[in-house]
Amino acid sequence: MKAVGARLPRYDGVAHVTGRTTFVDDARVPGTLWVKALRSPSHNADIKDLDVSKTEAMKGVHAVVTWKDVPLLEYGHLSALGIPADEPLLAKDNVRYKGQPIAIVAAEDEETAQAAVDAINLDLEEQPPLFDVRKAFDSDAPVVHQWGNWYPHFEGEMDRRQIRKGSIDEAFDRADAIVQGVYRPAAIEHVPLETQVCQVVPEADGRLTIYSCTQALYFSMGVVAAHLQVPLNRLKFVGGTVGGGFGGKVDTATETMCSLLALKSGRPTKWRWTREEEFLCSSTRAPWHMEIADAVTKDGWILGRKMLTLHDSGAYSRFSPYGLTKHSFHHTGAYTIPNLHFDGYVVYTNRVPTTAMRGFGVTSVSFAVETHMSRIAKELGLDPFEIRLKNANRKGDTSPNGIVYTDPSTIPTILAVADELGHELPADYRTMSSEKREGELLPEHLVGQIGNSEDH
Amino acid sequence: MPTAVETGAEVLLPTSEDEAVAAFGDGAGVTVLAGGTIVVPEMTYGYLKPQRVLMLAQAGLDGIARDGSRTTIGAMTSVADLTDLPSPLGLCAANVADLEIRAQATVGGNLCAPQGRDAPRGDLQSAFLALDAQVRSVGAGGERTDPVETFLADRAGRLILDVSFEEPAAGAFARLDRPHTHDYSALTVCAARTADGTVRVAVAGVEGPAVRLPSAEAKADDPAAAGAAAVSDATFADDALASAWYRERTLPVLVRRVLTQLQEAA
Amino acid sequence: MKLTVNGVEHEIESAPLTPLLYVLREELGITSPKVGCQQGGCGSCTILVSGEPRRACLLAVAAVDGSEITTLEGLGTAEALSPIQTAFHQHYAAQCGFCTSGMVMAAHAYLENGGGTGRESIQEALAGHVCRCTGYVKILDAVSAAAGGEVASNQRWLPQPGEEAPVEVPGAPA
Ligand SMILES: Cc1cc2nc3c(=O)[nH]c(=O)nc-3n(C[C@H](O)[C@H](O)[C@H](O)COP(=O)(O)OP(=O)(O)OC[C@H]3O[C@@H](n4cnc5c(N)ncnc54)[C@H](O)[C@@H]3O)c2cc1C
Ligand code: FES
Ligand code: FES
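K.L.:
Give a detailed account of the overall build of chain C, specifying residues and quantitative values.
P.N.:
Of regular secondary structure, chain C possesses five helices and five strands. Helices (α) and strands (β) of chain C occur, in sequence order from the N terminus, as β-β-α-β-β-β-α-α-α-α. Each of the 174 residues in chain C was classed as buried or not, and the buried ones make up 58%. By element, 47% of the accessible surface of chain C is carried by carbon and sulfur atoms, the whole surface being about 6,300 Å².

Okay, here's the thing in structure tokens:
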């Protein structure tokens, strides 16, 4: 255990500072073809015609791949966990977001590849797009996904992730006030300095060597193998050197398509997105729509919370059902609320598909919860630190999904923040700890946590 | 080898001003490449596919000359070389991009910068407008010296040789910036007062090249009123840096600031 | 055309308008300058032209014909790091490492031009460089330490074969 608490040199530090680290783009493979994609110019459209014959005949073009060339067209990122797939690797009948790949080309160089893409004949019939996650629920909203406007496949074919804890009606009946808020954090692009990039080499033994910038190497291997319908032992992934990911490199954005082109052309292929593609077509952190209504007492206890969350998945599901589940487990933040009624939906729009980013699903709810705590304090005329300390997680409290906290850190954190800011606190708050509640800190509504957590 | 650049273009590399003028001719079909901070990425991304490129890298055309109160700046002078000049030009130049870009970017390129897809990029134009600068250029019909205002309105087919101006009695500069030091400015406002008391105010970051703000100039003694009046002299556009709405609301503030600075400099 | 890169002279065959970044990476195989944005916005391609930092993606190679170019490969080797490289390593200023080449080159030029330990002047020198991993604090620490002479050059701070990794880090902030 010598390493714990010690400052150890980074194993890759010297390679980085001498410029010797080999990123995917730095691998040098002779004879490599350059890859470009035909991407949807439309946010939502039906594909009437897709004709690549002119492109295939062009000088310097070695392979063109469309949906017809993909052995298993739809394989969701969570398929292995039993979550059904909804996204084609390459668009087939329609396009659902601007930038969605429709066809890919491997050519001698970047210019030829671009010219080849430009020569593809694509005929689209525009459909009305949907961009706002809240509007997806309006009766006049266009339906933008084959499953409807929200994901219908949670356990038991539920169309939402729901949590019920305690007795929400009782909490609202007993409340002195109801404090409401709506929170809508926007999408964020990860902007890794290394754009999405991949190099694939078809080896003489029939295997593919895949230089990948994925954040989740074995996961990406499974995704590529499934689409290609080959056993894992046909794929040799070279990875682990990621030029920044932050969640944006879990989607296996390039590896499968680059592999298909390498197989079809018999040549090494490389696909490096431009910065513009990265901004316009790569997945982002989701926009969220969160509505919170809290039943509170005038001295600042939160008796119950009703919450509606709409998680903007973009055009397809990807990891969003998982992100929303995490979100739901954290929807009380660092605080304990005994009575809960949470409904969360994974909603489809015509934005780029959204994905993980640093605290997947949880940063959005932390933003909402913390803002809401301050709002409650303001509406009740209470100190924002005291209300947080009062409702803070304590040993023995339970999370929305029924986990018993054994080592919560809310109280020491809030106290440290108060110290740092020089915020004065009354003695009984200053001496609070995370130990089990008792005395005045065990208000009636928390005895036995009203109801129980079994029925969610 | 992957290469994004049109390799077929003819490249002209003059080594003197005369050669540059001759190579440019009437400018038909010629793309001037000065510092290249705009032209090179436009070629990389395939937005610009030039046939004939006039590279000024070795043509001279640079340097700052002073003759009494008149300053003349060669078109190939780098933006970095202007940062020590008096306000508004010096401050305006120091606010362009970061030191690596400033050292490569040129005055001629800034005066001819086409409106960007995502950001405005001719900040110095506002300073030169405030200074009532004169632009010496060649092209069809030969050499011409125009007020910068006239030049900006009709700059296609011209090769800038230099730009000159009288040192102002006072100058002022204000901008609407994004948080990053090196980023483009969403709006740049420059003002200058001549020895005889004439005040000129101009803004860059509006639709098209920079423009003067005559309505603000007419009320220069009352900065707040001038700010309010300025809005009618400019057309605003949305881009990645800021919306037209935001720009329209910010311009009065910036105009008020520069005119207040001018008053304080009195 | 000719370029002298890290002291070695090369005949250049690329077309004159090819960005220097492509010439270095694709024609000469020198891969420390990174392709981050190809439009001047990130600084990951920064190299030195006659000792001054420039964005390799913004320079047509003909514009620097005959110049002396220095890339990160030309600073120090793993066995003999330059002071700024040592400082970056010791201060954990390189995380994913993608921005590092450009950062180190700009910082190196800053030091060579007599730059001091002041935060503001270092920020000004590195203003064109984006890092998405470190949050910049460690980078500023590293450059400041190097400017203040707080790093010994050639300090490898790398476990030697058979040696245990050092637990006490020389020169690292407490
Ligand atoms: C990261 C980044 C940040 C930037 N930030 C700013 C900023 O804050 N403010 C700002 O104003 N700009 C900014 N720019 C844009 C640009 O760097 C400047 O406008 C610069 O002054 C352009 O000069 P250049 O010599 O590089 O132009 P070039 O790219 O060489 O040319 C630009 C245009 O001018 C024409 N041209 C050049 N010289 C002449 C001449 N002598 N006669 C006729 N036509 C000519 C070219 O044909 C071309 O159309 C930024 C650019 C980058 C990449
Ligand atoms: S690649 Fe040159 S600045 Fe980003
Ligand atoms: S270390 Fe990753 S971008 Fe700077």
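K.L.:
Summarise a negative patch on the surface; cite the residues concerned and give the values.
P.N.:
Residue and element names in this part refer to chain A. Residues Asp 49, Asp 51, Glu 56 and Asp 123 make up a contiguous surface patch of negative charge. Here Asp 49 shows up in strand E2 (residues 45–51). Given a relative accessible area of 33%, Asp 49 falls into the partly exposed group.

K.L.:
Outline the packing of helix H9 (residues 362–380) of chain A against helix H10 (residues 384–391) of chain A, supporting the account with residue identities and numerical values.
P.N.:
Residues and elements named next belong to chain A. Here H9 crosses H10 at 115 degrees, and the two axes come no closer than 8 Å. By the angle between their directions, the pair H9 and H10 is classed as roughly perpendicular. Seen along the crossing, H9 lies across H10 with a hand that is right-handed. Side by side, H9 and H10 meet where Glu 370, Met 373, Ser 374, Ile 376 and Ala 377 of the first sit next to Pro 384, Ile 387, Arg 388 and Asn 391 of the second. Per-class residue counts for the contact of H9 with H10 are five nonpolar, two polar and two charged.

K.L.:
Outline the site of ligand 1, supporting the account with residue identities and numerical values.
P.N.:
Lining the immediate surroundings of ligand 1 are 31 residues, of which Val 32, Gly 35, Gly 36, Thr 37 and Thr 106 of chain B lie closest. Mapping the residues near ligand 1 onto chains gives chains B and C. Note that an oxygen atom of ligand 1 is positioned 2.6 Å from one of the side-chain N or O atoms of Thr 106 of chain B. Residue Ile 160 of chain B places a main-chain N or O atom 2.9 Å away from a nitrogen atom belonging to ligand 1. In isolation ligand 1 offers 970 Å² of accessible surface; the protein chains occlude 95% of this area. Looking at the shell around ligand 1, the elements that each hand over two or more residues are strand E2 (30–33), helix H5 (107–111) and strand E8 (158–166) of chain B.

K.L.:
Can you tell me about the interface of chain A and chain C, naming the residues and giving the values?
P.N.:
With 34 residues of chain A in contact, the opposing surface of chain C contributes 44 residues. Carbon and sulfur atoms make up 57% of the area that chain A and chain C hide from each other, which totals about 3,300 Å². By the criterion of area lost to chain C, the three top residues of chain A are Arg 7, Val 17 and Leu 193 of chain A, representing 23% of everything that side buries. Measuring nitrogen to oxygen at the nearest pair gives 3.9 Å for the salt bridge that ties Arg 28 of chain A to Glu 26 of chain C. On inspection of chain A and its partner chain C, the count reaches 15 residue pairs in polar contact (both at pLDDT 80 or more). Sorting the residues of the side of chain A that touches chain C by element identifies helix H1 (13–17) and helix H7 (275–281) of chain A as the ones contributing at least two each. Considering every element that reaches the side of chain A that touches chain C, the biggest residue donor is H1 of chain A, with four residues. Of the residues assigned to the side of chain A that touches chain C, the class counts are 11 nonpolar, nine polar and 14 charged.

K.L.:
So what's going on with the domain arrangement of chain C? Which residues, and what values?
P.N.:
Interface size is commonly expressed as the accessible area that is lost once the parts come together. All names here are of chain C. Its domain assignment divides chain C into domain 1 (2–74) and domain 2 (83–152). In this assembly, 18 residues from domain 1 lie in contact with 14 residues from domain 2. Of the roughly 1,200 Å² buried at the junction of domain 1 and domain 2 (both faces included), carbon and sulfur atoms supply 63%. Counting across the domain 1 and domain 2 interface gives zero salt bridges. Our enumeration of links across domain 1 and domain 2 arrives at four residue pairs in polar contact (both at pLDDT 80 or more). Mapped by element, the contributors of at least two residues to the side of domain 1 that touches domain 2 are strand E3 (46–49) and strand E4 (52–55). Residues that form the side of domain 1 that touches domain 2 fall into these classes: six nonpolar, nine polar and three charged.

K.L.:
Give a description of the environment of Thr 71 of chain B that names residues and reports values.
P.N.:
Residue and element names in this part refer to chain B. Tracing the backbone shows Thr 71 in strand E5 (residues 70–74). With 36 residues separating them along the chain, Thr 71 and Val 107 place their C-alpha atoms 14 Å apart. The contact partners of Thr 71, leaving out residues within four places of it in the chain, are Ile 64, Ala 65, Arg 66, Val 163, Ser 164, Phe 165 and Glu 167.

K.L.:
So what's going on with the side chain of Thr 336 of chain A? Which residues, and what values?
P.N.:
Residues and elements named next belong to chain A. Assignment of secondary structure puts Thr 336 in the loop between helix H8 (320–329) and strand E15 (339–348). Under the relative-accessibility criterion, Thr 336 is labelled buried at 2%. Engagement of the side chain of Thr 336 in a polar contact is seen with the side chain of Asn 393, the distance being 2.7 Å.

K.L.:
Please give an account of the domain arrangement of chain B that cites residues and values.
P.N.:
Residue and element names in this part refer to chain B. Parsing chain B into structural domains produces domain 1 (3–55) and domain 2 (64–265). If you average the C-alpha positions of domain 1 and of domain 2, the two centres end up 25 Å apart. Contact with domain 1, which involves 15 residues of that partner, is made by 17 residues of domain 2. Interface area, domain 1 with domain 2, both sides summed: about 1,200 Å², of which 67% is carbon and sulfur. Contact with domain 2 buries surface across domain 1, with Phe 24, Thr 37 and Ile 38 losing the most and accounting together for 37% of the total.

K.L.:
Go over the nonpolar core with me, naming the residues and quoting the values.
P.N.:
Formed by 53 residues in total, the largest nonpolar core has its most connected members in Ile 73, Leu 89, Leu 124 and Phe 128 of chain B together with Leu 3 and Leu 20 of chain C. Counting residues per element, this core draws most heavily on helix H6 (residues 123–130) of chain B, which supplies five residues. With residues up to four places along the chain from it excluded, the contact list for Leu 20 of chain C reads Leu 3, Ile 47, Ala 56, Leu 59, Val 61, Val 64 and Ile 69 of chain C. The next biggest cluster of nonpolar side chains, apart from the first, holds 50 residues, and it includes Ala 286, Val 362, Val 365 and Met 373 of chain A.

K.L.:
Would you mind going over H6 of chain B in detail, with residue names and values included?
P.N.:
Residue and element names in this part refer to chain B. Buried residues dominate H6, accounting for eight of its eight residues. Three or more residues of H6 are buried, namely Asp 123, Leu 124, Gln 125, Ser 126, Ala 127, Phe 128, Leu 129 and Ala 130. Of the residues trailing H6, Asp 132 is marked for its positive phi of about 55 degrees.

K.L.:
Can you break down the pairing of E5 of chain B residue by residue, with the values?
P.N.:
Sheet faces and side chains relate simply in a regular strand, where the side chains alternate between the two faces. All names here are of chain B. The pairing of strand E4 (residues 64–67) with E5 spans four bridges and is classified as antiparallel. Bridge assignment links Ile 64 to a residue of E5, and that residue is Ile 73. The antiparallel pairing of E4 with E5 creates a hairpin that spans two residues between the two strands, and Gly 68 there sits at a positive phi of about 60 degrees. Note: E5 against E8, five bridges, orientation antiparallel. Of the residues in E8, the one forming a bridge with Arg 70 is Glu 166.

K.L.:
Please provide a residue-by-residue account of the sheet that holds strand E7 (residues 144–147) of chain B, values included.
P.N.:
Residues and elements named next belong to chain B. Taken together, five strands build an open sheet; the order of strands is E4-E5-E8-E6-E7 and the sheet is antiparallel. The two strands at the open ends of the sheet, each matched to only one other strand, are E4 and E7. Mean inter-strand twist for the sheet, computed between neighbouring axes without regard to direction, equals 25 degrees. Contacts between helix H1 (residues 17–24) and the sheet are confined to strand E6 (134–139) and E8, with E8 contributing the most and set at about 130 degrees to the helix.

K.L.:
Before we move on, can you summarise the interface of chain B and chain C with the specific residues and values?
P.N.:
Of the residues lining the interface, 31 residues belong to chain B; the matching set on chain C comes to 31 residues. When chain B packs against chain C, the two sides together hide about 2,400 Å² of surface, and 63% of this comes from carbon and sulfur. On inspection of chain B and its partner chain C, the count reaches three salt bridges. Glu 100 of chain B is the partner of Arg 55 of chain C in a salt bridge, and the nearest nitrogen-oxygen pair spans 2.8 Å. At the junction of chain B and chain C, the tally comes to eight residue pairs in polar contact (both at pLDDT 80 or more). Elements with a minimum of two residues in the side of chain B that touches chain C: helix H2 (39–44), strand E3 (52–55) and helix H4 (99–104) of chain B. Considering only residue class, the side of chain B that touches chain C consists of 18 nonpolar, 10 polar and three charged.

Rules used in this analysis
- Residues numbered from 1 in each chain as written.
- Chains lettered and ligands numbered in written order.
- Predicted model: local features only at pLDDT ≥ 70, side-chain atom pairs only at ≥ 80, totals over all residues.
- Heavy atoms only, no water.
- Helix = DSSP H or I, 4+ residues; strand = E, 2+ residues; numbered from the N terminus.
- Buried < 20%, exposed > 50% of the residue type's maximum accessible area, 1.4 Å probe, protein only.
- Areas by Shrake-Rupley, 256 points an atom, 1.4 Å probe, with all protein chains shown as cover.
- Patch = residues over 30% accessible without salt bridge, like charges linked within 9 Å, V, L, I, M, F, W, Y side chains within 5 Å.
- Salt bridge = Lys/Arg side-chain N within 4 Å of Asp/Glu carboxyl O.
- Lys, Arg positive; Asp, Glu negative; His and termini not counted.
- Charge placed at Lys NZ, Arg CZ, Asp CG, Glu CD.
- Axes fitted to C-alpha atoms, helices over the stretch in contact; angles between N-to-C directions.
- Parallel < 35°, antiparallel > 145°, perpendicular 65-115°, else oblique.
- Left-handed = near helix turned anticlockwise from the far one by under 90°.
- Contact = heavy atoms within 4.5 Å.
- Nonpolar A, V, L, I, M, F, W, Y, C, P; charged D, E, K, R; others polar.
- Near = heavy atom within 4 Å.
- Polar contact = N/O pair within 3.5 Å; in protein donor to acceptor, adjacent residues only side chain to side chain.
- Buried area = accessible area lost by both parts, 1.4 Å probe.
- Domains from an automatic or database assignment.
- Core = buried A, V, L, I, M, F, W, Y, C linked by side-chain atoms within 4.5 Å.
- Pairing = 2+ DSSP bridges.

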